[in-house]
Amino acid sequence: MVPLIASEAEERYGHYIREALTTEGGHLAIGRGGFTLYFARGGYLSGHDCETIKTACIAAGLPVIDSCALPFEVVCDLAVRGPMVAVGEPASPPPWDAFSYAPLADVADAYRADGAEVWNLAPCPAPAARTE
């Protein structure tokens, strides 16, 4: 198998990144406390080697959400009041709140709207206008 990423990152993270790529909702989240790579339902890897894994995930095409540049209060509000990402399981029905699971793209859009950097994930299409 041809490695997706540089050999150092491949050795440490390649297996997890490939698993995340095949899991609905698999992604890398980076914040002030380090990174979390979500690769399966209930499966994640956390650490502090943020730049290495971020570069590897972007190169592999995995969605990445980096909230490091956001004000602390904004990140807290998104994390505490917003939904969790449905990783390897179906999303909860909308509307989503703090105790529900939403599709990755919707959670990423909330972070993107507040200024987070998001890679390898297009914004959700705007909802169709209602005609009555």
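These lines cover the structure that appears in this document, whether it is placed above or below. Being a predicted model, the structure only gives us computed values, none of them experimental.

Reading the values: the criteria
Residues numbered from 1 in each chain as written. Predicted model: local features only at pLDDT ≥ 70, side-chain atom pairs only at ≥ 80, totals over all residues. Heavy atoms only, no water. Phe/Tyr/Trp six-rings, centres within 6.5 Å; stacked < 30°, edge-to-face > 60°. Helix = DSSP H or I, 4+ residues; strand = E, 2+ residues; numbered from the N terminus. Buried < 20%, exposed > 50% of the residue type's maximum accessible area, 1.4 Å probe, protein only. Arc of directions from axis to C-beta. Contact = heavy atoms within 4.5 Å.

**Some words on the packing of aromatic side chains**
Alright, step 1. Under the definition given, this model contains three aromatic pairs.
Alright, step 2. Look at Tyr16 and Phe39: their rings are 5.1 Å apart centre to centre, the planes differ by 50°, and that puts the pair in the tilted class. On the criterion of sequence distance, the pair formed by Tyr16 in helix H1 (residues 7-21) and Phe39 in strand S2 (residues 34-40) is long-range, its members being 23 residues apart.
Alright, step 3. The buried category is assigned to Phe39, whose relative accessible area is 11%.
Alright, step 4. Between Tyr38 and Tyr44, the aromatic rings sit 6.3 Å apart at their centres with planes inclined by 45°, giving tilted as the arrangement.
Alright, step 5. On the basis of relative accessibility, which here comes to 52%, the residue Tyr44 falls in the exposed class.

**Let's talk about the environment of Glu10**
Alright, step 1. Topologically, Glu10 is positioned in helix H1.
Alright, step 2. Placed 43 residues apart in sequence, Glu10 and Ile53 show a C-alpha to C-alpha distance of 9.4 Å.

**Concerning helix H2 (residues 50-60)**
Alright, step 1. Within H2, the full set of buried residues consists of Cys50, Ile53, Lys54, Ala56, Cys57 and Ala60. Along the long axis of H2, the arc covered by the buried residues comes to 165°, so they all point the same way. Facing away from the buried side of H2, by more than 90 degrees, are the exposed residues Glu51, Thr55 and Ala59.
Alright, step 2. Looking at the buried side of H2, the elements it contacts are H1, strand S1 (27-31), S2, strand S4 (64-66) and strand S7 (117-119).
Alright, step 3. One or two residues past the end of H2 sits Gly61, with phi positive at roughly 90°.

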